Amino acid sequence: MPLLADVAVPVPLSQAFTYEVPAALAGEVRPGARVLCEFHRRKLLGVVLAVSERSAAIDPSKIKPLAALVDARPALPAELLAFLQELAAYYFAPIGEVLRLALPAIEREQVRALKAQGELGGVLDLGRAKQVGGRKVAYASATDVVEEPGTLRGQAAAVLALLRANGEQPVARIEERFGNARSALKKLAERNLVALDEREPPRDPFFRRAEERDVPPELNAAQAEAAARIDAALAALAPSGGGEHPASTQKEPRPAGQEPRPAGQEPRPAGQEPRPAGQEPRPSAFLLFGVTGSGKTEVYLRAIKSCLDRGRGALVMVPEIALTPQLVARFRARFGDELAVLHSGLSDADRHAMWASLHVGKVRVAIGARSALFAPVPDLGLILVDEEHDGSFKQEEGVRYHARDMALLRAHRAGAVCVLGSATPSIESVALVRRGKLAELRLPDRAHREASLPEVSLVDLRRFRAGPSGDPLISLPLHRALEKTLAAKEQAILFLNRRGFAPSVVCGSCGTLTTCDACSVALTYHRGRRRDPRPPSPGGAPAPAAPLDERPEGGRLRCHYCDYAGPLPDRCGACGARNLLLEGLGTERLEATIAGSFPEARVARLDRDVAGKDRSQAILARMREGKIDILVGTQMVTKGHDLPNVTLVGVVNADAALGLPDFRAAERGFQLLVQVAGRAGRRDRPGRVLIQTRNPEHPAIAFAAAHDVPGFLEREIREREEVGYPPATRLALLRIDAVDESVGRGAAAKLAAHARTCPEGAARRVEVLGPSAAPIARLRGRYRFRVLLRARDRGPLRGALAALTGLIRDGLDRNARVIIDVDPVAML
Ligand code: ADP
Ligand code: ZN
C-alpha cells in the first residue's frame, strides 16, 4: 500500500488533498511539516495534516507525489496542529487559511536548500511567504578564479566541481556528501577558488536587556486561595509529554479529501464540554474575577511559576501588548529570559527567533496579544487570558476567531489549565460559571492595604452648565475637580471615546452632515499636529460649533472606517453655503480646551492618532514619572495601567458608547466605565471619579457608579435571556457585501431563503433574522447586508451553516462576498 499524506494547501477550501510520499522522504514527512506540492499545475506550500499507509480512495494514478519537504522538524507541533484543525471546523474557515495563522516565516536556509534541489521553479506561494534567517550557517561558493590544470585531485576537485555545477551550498550539506569536506574546502579557500561565508543569526531584542529580578510579595488571603486552586488544577494534569514534541508518533489515518471533522459534529471550547451527570471533575478552567488593582497579575505570576515547576509551558494573552509595557516588565522581572514576548512591533527576523526558541523548547513562556494563541509553547500546561472581556480578542478580518473562546478550547484539548481574568468579566464567561463550566476565583479587595475603590459621582449634564472653559462637556464640577487635583500635585485622566477634533461637520444652513463617499458614516475633523496646543478661540469661550473662519489651518477630514482623508471643503456639498460647523467634542479638541483652561498644567493626549509604535509607551512612561498632570485619551487610557498618583478620573461623555445598535452596547459601556474608574486611587491617596452623562439612570452608568459589577452582570444576563441574545442563545452572522447594491441584496435574500428552508430552519430549530442592511450600510465602497442565524443550541446552528456552505461556495453571484461570522462580536 502506498504511503499517503493529507495536505492542507493555502486555498479557500475546507478540505485537505492527498499526495503520495516518495520513498526517499518516507519517515521524514510528518504531520505539521511544510511541503511543496503541485496543485493545478502550480506548486504550493502546504502543511501535512496526516500520514498513513493505506489504499487511496481515489484513482491512484491521479495521486501526485509530494515535490519536496521544507521542514525537517515539523513547524507545527501535534498539539497545535490538532487545535488548528478544530478551530477551522468551529468557524467554518478554510483549513489552509487557519494554518497560516500559526506558521512561522520560512528560513532563508530552507529556501536555499529547496533551490539546491531545484524545487523552486514555479512555486507561487513561497515568493510571498516571509523569509528570515535561521541559525548562523556557513556557506561555500566557487569564485571566478581558475586553477592551474592538474593541481587539484580527489575530494577537493569533486567539491569544486559540485559548487561550480550547483552554485552556493551550505557547508553542512557538502559535509554530508564528502567525508573530507572540511579540509578540502580549506584547501580550496586558501587558493581563493572557494569563498566561505557565515551568516549571522538575527538579533533578538528580548534577550539583550536583563530586567532586574523582583521579589515576589506575600500574597493576601484571597490571592493565596486563588493561587492554591490553580496550583491544584496544575498538579492534577496528566504528566507532560517530556520535551520532544509527539508529532512523530501521531499516525491518525483520515479519509482522503475529507474535512478533519465532519460538519455538524461540533468541537467545543472547554466550558461547553458535556460531562456525564453526577461526575464532577476537578475544575481546570477558571474565571479570576478581581476588582481593579486586586493583584490578579501576581496570581498569574504564581500560576506560571507553578506550571514551569511542573515542567510545562505557559501562554499569556493580553489585549494590547503595546499598551501594557508595565505588565510585560513585571513578567520579565519574574521570569527573565524564560519569556518570549510576541507583538506586532517585532521585525520578521525577531518574531521568527521568538517562535524558534519556543519551538525548540528553549523558552517555555510566551506573552502576546490575540495572535499569541498560536505560539508553539512546548508542553502547554497553562493558558492565561488577562482582561478576558476585551473586544480585541476577537479577530474581525480573515479567520474571525475569538482568542478567549479558543484559549479554552486549546487548553482543554492540550490537557492544560485555563484562567480567564478580569475586573469586569464578559457576560459569556459569567454564564459559563453559572453552568458550572468555569470555576470562579474572587479577589474582592484592592491589593494595597491602604487603597480603596474610588468614590464615584455622577454629573447630570442636563442640570450642570459649562465651567469656565465654556465647553458644555467640561462642566463646572469637572473643572473644579481638576483644579483641586492640580493644586494637590496629583494627576488626572480624562476619558472620551471619540478621536479627532470634532466628530462631525454639519452645514449650518441646510443641516447636511458631511459623510464619507465610500462609507455611510460621518467624517471626523482632525486638526492634526500643531506646535502649541491652544483652544480654538483664545480668551473667549468657544461655542460648541466653531464657525469656519476660526478653524486652524492644516486640518483634515478623516473617515474612521476606511483610509479616506481629505481637506475640509469651504462650502456645503449639498446647498453650497459657506457655513460648515464643527460639531461635538473629540480628544484633540478636549486636549486643546483643557490646555487653554489650565495653562499651568502639563496636558497630554493618548489615542490612536498620537500612538505610533513607541509613542504610547513614552506617554505612559511620562505619566508614571509625574511629567504629565492631565492625560486626555480614548479607550487606550482605560487599559490596566497602574498609575499610583492618579486621583481623579473624569468620564467626559458616558453616553457616547451606550447608544450603539448592538446588544452588547450596555455591557461594553459598563466595562469601559469600571475599567477607567479603576485607574483612580490605586495607592494610599483616595481616588475620585466623575462620570458625566445625560442619562444617569442607565443601568450601565448606575451600576458602574455603585461599583456593583455582580449586580450589573445579574441584570444583563436576565436582559439577554429576555431578548434572546447570547449567552442565552447562539448566533452566527452572515456578512454579505458587494459593490453593486442589488447584487448584495440579492445574495442576502438567497441566503436567508435557503437558511429558512434547510432542515434546521424549516423545523425552527434555527431562527433566521433578515436579510437586512447592516447598521453601517456602506463601507469602503461596498454595500453591506446581513442575515443573522440564532439558535438555542450550537448543534442546529452548525447544521444550518453546513447547509449554507455549498450555496456560499458556488450558488451566488461571484461579485457578492459572504463571510460566516460564528459568535459575532462586532454587530455594526
Ligand atoms: P490588577 O491586575 O488586579 O488590576 P495588579 O496586579 O496590577 O492588579 O496589582 C495592583 C497593585 O498591587 C500592584 O502595584 C501590585 O504590585 C500590588 N500587589 C499585588 N499583590 C500584592 C500583594 N500581595 N502585596 C502587596 N502588593 C501587591
Ligand atoms: Zn470611509
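None of these values were measured; they are calculated from a predicted model.

A. How the structure looks around the overall build of the protein. In terms of helices and strands, the protein carries 22 helices and 32 strands. Counting over 828 residues, the protein shows a buried share of 54%. Of the roughly 35800 Å² of accessible surface on the protein, a fraction of 49% belongs to carbon and sulfur atoms.

B. Here's a closer look at the site of ligand 1. Taken together, 19 residues sit near ligand 1, with Glu 218, Gln 223, Gly 293, Asp 642 and Arg 683 positioned nearest. Gln 223 places a polar side-chain atom, nitrogen or oxygen, 2.8 Å from a nitrogen atom of ligand 1. Within the side chain of Thr 297, one N or O atom sits 3.1 Å away from an oxygen atom of ligand 1. Starting from 560 Å² of accessible surface for ligand 1 in isolation, the protein chains cover 82%.

C. Structural view of helix H14 (residues 476–487). Compared with the 16 Å implied by 1.5 Å per residue over 12 residues, the 16 Å span of H14 between its first and last C-alpha is a close match. Leu 478, His 479, Ala 481, Leu 482 and Thr 485 are the residues of H14 that are buried. Projected onto a plane normal to the axis of H14, the buried residues spread over an arc of 165° and lie on a single side. The exposed set on the far side of H14, more than 90 degrees from its buried face, consists of Lys 484 and Ala 487. Packed against the buried residues of H14 are strand S19 (491–495), helix H15 (587–597), strand S26 (630–633), strand S27 (646–651) and strand S28 (688–693). One or two steps after H14, the chain reaches Lys 489, where phi turns positive at roughly 55°.

D. A look at the pattern of salt bridges. Inspection of the entire model under this criterion finds 43 salt bridges. A salt bridge links Asp 460 to Arg 462; the shortest N-O distance between them is 2.9 Å. Residue class for Asp 460 comes out buried when judged on its relative accessible area of 10%. Measuring nitrogen to oxygen at the nearest pair gives 2.7 Å for the salt bridge that ties Glu 760 to Arg 765. The class for Glu 760 is buried, based on a relative accessible area of 15%. Residue Arg 765 is classed as partly exposed on the basis of its relative accessible area, which comes to 44%. Through salt bridges with shared partners, a single network forms among Lys 394, Glu 396, Arg 400, Arg 735 and Asp 821.

E. Region of the structure containing the coordination of the zinc ion (ligand 2). Bound to the zinc ion (ligand 2) on the protein side are Cys 516 (SG), Cys 519 (SG), Cys 559 (SG) and Cys 562 (SG), at distances that span 2.3 to 2.4 Å. One way to put it: the four donor atoms around the zinc ion (ligand 2) meet at angles of 104 to 114°, and that makes the site tetrahedral. Considered as a linear motif, the donors of the zinc ion (ligand 2) on their single chain read C-x2-C-x39-C-x2-C. Here Cys 559 lies in the loop between strand S22 (556–558) and strand S23 (565–567) and Cys 516 lies in the loop between strand S20 (504–507) and strand S21 (524–526), a separation of 43 residues in the sequence. Taken individually, Cys 516 and Cys 559 each receive the classification buried, so the pair is uniform in this respect.

F. Focus on the pairing of strand S12 (residues 313–317). In terms of residue burial, S12 counts as a mostly covered element, since five of its five residues are buried. Here S12 shows two buried faces, one formed by Gly 313, Leu 315 and Met 317 and the other by Ala 314 and Val 316. Here S12 pairs with strand S15 (residues 380–386) via five bridges, running parallel. Pairing of Leu 315 across the sheet is with Ile 383, part of S15. In this structure, S12 lies alongside strand S14 (residues 365–368), joined through four bridges in parallel fashion.

G. Representation of empty space enclosed by the protein within the structure. Scanning all chains against the criterion turns up three cavities of 30 Å³ or more. Here the largest cavity is characterised by a volume of approximately 60 Å³. The wall of the largest cavity is formed by Phe 495, Asn 497, Val 651, Asn 653, Ala 654, Ala 657, Leu 658, Gly 669, Leu 672 and Leu 673. Tallying contributions element by element places helix H17 (residues 665–677) first for the lining of the largest cavity, with three residues. When grouped by side-chain class, the residues that make up the lining of the largest cavity number seven nonpolar, three polar and no charged.

H. Local environment of the sheet that holds strand S3 (residues 34–39). As summarised here, the arrangement of the five strands in space is S2-S1-S4-S3-S5, forming an open sheet in which the pairing is antiparallel. The sheet terminates laterally at strand S2 (17–20) and strand S5 (68–69), the two strands that pair on one side only. Direction of pairing for S3 relative to S5: antiparallel, over a ladder of two bridges. Paired with Leu 36 across the strands is Ala 68, a residue of S5.

I. Broad picture of the sheet that holds S19. What the six strands build is an open sheet, ordered S18-S28-S27-S19-S26-S25; its pairing is parallel. Looking along the sheet, the strands with just one partner apiece sit at the ends: strand S18 (455–460) and strand S25 (603–606). Put simply, the sheet's adjacent strands are angled 20° from each other on average, direction ignored. Against the sheet, H15 touches S19, S25 and S26, its axis set at about 170° to S25. Strands S19, S25, S26 and S27 of the sheet are contacted by helix H16 (residues 615–624), whose axis makes an angle of about 140° with S25.

J. Inspection of the environment of Tyr 783 at higher detail. Note that Tyr 783 resides in strand S31 (residues 782–791). Sequence separation between Tyr 783 and Glu 741 is 42 residues; the distance between their C-alpha atoms is 5.4 Å. What Tyr 783 contacts, discounting residues up to four positions off in sequence, is Ile 736, Asp 737, Ala 738, Val 739, Asp 740, Glu 741, Ala 777 and Arg 778.

K. Local environment of the packing of helix H9 (residues 296–309) against helix H10 (residues 325–335). Direction vectors running N to C along H9 and H10 enclose 35°, while the axes themselves pass 11 Å from each other. You can see that H9 and H10 cross each other, and the crossing is right-handed. Contact with H9, carried on its side by Thr 297, Glu 298, Tyr 300, Leu 301, Arg 302, Ile 304, Lys 305 and Leu 308, involves Leu 327, Arg 330, Phe 331, Arg 334 and Phe 335 of H10 and no other residues of that element. Class assignment for the residues of the contact of H9 with H10 results in seven nonpolar, one polar and five charged.

L. Molecular detail of the state of the cysteines. Summed over all chains, the structure comprises zero disulfides. Cys 510 forms no disulfide, and the closest cysteine sulfur to it belongs to Cys 572, at a distance of 3.7 Å.

What counts and how
- Residues numbered from 1 in each chain as written.
- Chains lettered and ligands numbered in written order.
- Predicted model: local features only at pLDDT ≥ 70, side-chain atom pairs only at ≥ 80, totals over all residues.
- Heavy atoms only, no water.
- Helix = DSSP H or I, 4+ residues; strand = E, 2+ residues; numbered from the N terminus.
- Buried < 20%, exposed > 50% of the residue type's maximum accessible area, 1.4 Å probe, protein only.
- Areas by Shrake-Rupley, 256 points an atom, 1.4 Å probe, with all protein chains shown as cover.
- Near = heavy atom within 4 Å.
- Polar contact = N/O pair within 3.5 Å; in protein donor to acceptor, adjacent residues only side chain to side chain.
- Expected span 1.5 Å × (residues − 1).
- Arc of directions from axis to C-beta.
- Contact = heavy atoms within 4.5 Å.
- Salt bridge = Lys/Arg side-chain N within 4 Å of Asp/Glu carboxyl O.
- Donors = N, O, S within 2.8 Å, 3.2 Å for Na, K, Ca; no water.
- Tetrahedral: all angles 85-135°; square planar, octahedral: opposite > 155°, others 65-115°.
- Pairing = 2+ DSSP bridges.
- 1 Å grid on protein atoms, 1.4 Å probe; cavity = no way out; pocket = protein on both sides within 12 Å on 5 of 7 lines; lining within 4 Å.
- Points joined across faces, edges and corners; volume = space filled by probe spheres on them.
- Nonpolar A, V, L, I, M, F, W, Y, C, P; charged D, E, K, R; others polar.
- Axes fitted to C-alpha atoms, helices over the stretch in contact; angles between N-to-C directions.
- Left-handed = near helix turned anticlockwise from the far one by under 90°.
- Disulfide = S-S within 2.5 Å.

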